[in-house]
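Listed here are the chains, written in short residue letters.
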Amino acid sequence: MAYATDFRAARFPLMARLSGLRAELAERARKNRVYRDTLNELAVMTDRDLADIGISRSMIKGVALEAAKRA
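Conventions adopted
Residues numbered from 1 in each chain as written. Predicted model: local features only at pLDDT ≥ 70, side-chain atom pairs only at ≥ 80, totals over all residues. Heavy atoms only, no water. Salt bridge = Lys/Arg side-chain N within 4 Å of Asp/Glu carboxyl O. Helix = DSSP H or I, 4+ residues; strand = E, 2+ residues; numbered from the N terminus. Axes fitted to C-alpha atoms, helices over the stretch in contact; angles between N-to-C directions. Left-handed = near helix turned anticlockwise from the far one by under 90°. Contact = heavy atoms within 4.5 Å. Nonpolar A, V, L, I, M, F, W, Y, C, P; charged D, E, K, R; others polar.

Novice: I would appreciate a short explanation of the pattern of salt bridges in the present structure.
Specialist: Oppositely charged side chains can form a pair if their charged atoms are brought close together. Tallied over the full model, the rule gives 6 salt bridges. A salt bridge links E24 to R28; the shortest N-O distance between them is 2.9 Å. Residue E24 and its partner R28 are both found in helix α1 (residues 14-43); the two are separated by 4 residues, about one turn of the helix. The partner of D37 in a salt bridge is R33, and the shortest N-O contact between them spans 3.9 Å. With D37 and R33 both in helix α1, this residue pair falls 4 residues apart, about one helical turn. One continuous salt-bridge network, built from bridges that share partners, spans E27, R30 and K31.

Structure below.
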């Protein structure tokens, strides 16, 4: 019985892989900046200001995470 084996590995050039990694890191950095900016802006607001926009102080991290996801 005869059979053939074909080993073809999907090889991406090193530069393409590095470019993809760089783009991913840039995207993560951008989302992290949105998270930090949102967190800082909400943290300095008074409880009354937060209540006016419908956010309690305990919700600040969640709101910042949601803003980063959507960015």
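Novice: What exactly am I supposed to notice about the packing of α1 against helix α3 (residues 60-70) here?
Specialist: Pairs of packed helices are described in terms of their axes, by the angle between the two and the distance that separates them. At a minimum axis separation of 8 Å, α1 and α3 run at an interaxial angle of 145°. α3 is crossed by α1, and the crossing has right-handed handedness. Within the contact between the two elements, α1 uses K31, V34, Y35, T38, L39, L42 and A43 and α3 uses I60, K61, V63, A64, L65, A67, A68 and K69. Of the residues contributing to the contact of α1 with α3, the split by class is 11 nonpolar, 1 polar and 3 charged.

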